[in-house]
Amino acid sequence: MPAITFVFAVFVIGFEQLVQWKYGPMGIIGLLLLTIGLKARSPALSSVGALVLAALVTRPAL
């Protein structure tokens with residue numbers, strides 16, 4: 001059981017690093033808001049986080 005927890009933790013940390021590398025600090029803030037909103041069962045907070053991530057992904061290419 002601890003091996004599964006370790007693998008999951010490594011995956012989560014890797015995903016967070018990927019988001020931060022690709023989308024910067026706003027990507028981490030959006031991911032954090034989405035995660036906290038889902039854990040707290042707050043539709044407003046998770047929606048704000050999803051909107052931040054969606055805005056980062058769909059921003060116009062410069």
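A brief look at the structure comes next. (Residues numbered from 1 in each chain as written. Predicted model: local features only at pLDDT ≥ 70, side-chain atom pairs only at ≥ 80, totals over all residues. Heavy atoms only, no water.)

**Looking at helix H2 (residues 43-57)**
Argument step 1. Across its 15 residues, H2 extends 21 Å between first and last C-alpha, which sits within 8% of the 21 Å expected from 1.5 Å per residue.
Argument step 2. Of the residues making up H2, those classed as buried are Ser46, Gly49, Val52, Leu53 and Leu56. Projected down its long axis, H2 shows its buried positions confined to an angular sector of 120 degrees, all on one face. Those residues of H2 that are exposed and aimed more than 90 degrees away from the buried face are Pro43, Ala44 and Leu51. (Helix = DSSP H or I, 4+ residues; strand = E, 2+ residues; numbered from the N terminus. Expected span 1.5 Å × (residues − 1). Buried < 20%, exposed > 50% of the residue type's maximum accessible area, 1.4 Å probe, protein only. Arc of directions from axis to C-beta.)

**Some words on the side chain of Ser46**
Argument step 1. Turning to its location among the elements, Ser46 is positioned in helix H2.
Argument step 2. Filtering out sequence-adjacent residues up to four positions away, Ser46 remains in contact with Leu33, Leu34, Gly37 and Leu38. (Contact = heavy atoms within 4.5 Å.)

**Looking at the packing of helix H1 (residues 2-39) against H2**
Argument step 1. Where H1 contacts H2, the axes come no closer than 7 Å and their chain directions differ by 150 degrees. On the basis of their axis angle, the class for H1 and H2 is roughly antiparallel. The interaxial crossing formed by H1 with H2 has left-handed handedness. Two secondary-structure elements touch here, H1 through Tyr23, Met26, Gly27, Gly30, Leu31, Leu33, Leu34, Ile36, Gly37 and Leu38 and H2 through Leu45, Ser46, Val48, Gly49, Ala50, Val52, Leu53, Leu56 and Val57.
Argument step 2. Split by residue class, the contact of H1 with H2 holds 14 nonpolar, 5 polar and no charged. (Axes fitted to C-alpha atoms, helices over the stretch in contact; angles between N-to-C directions. Parallel < 35°, antiparallel > 145°, perpendicular 65-115°, else oblique. Left-handed = near helix turned anticlockwise from the far one by under 90°. Nonpolar A, V, L, I, M, F, W, Y, C, P; charged D, E, K, R; others polar.)

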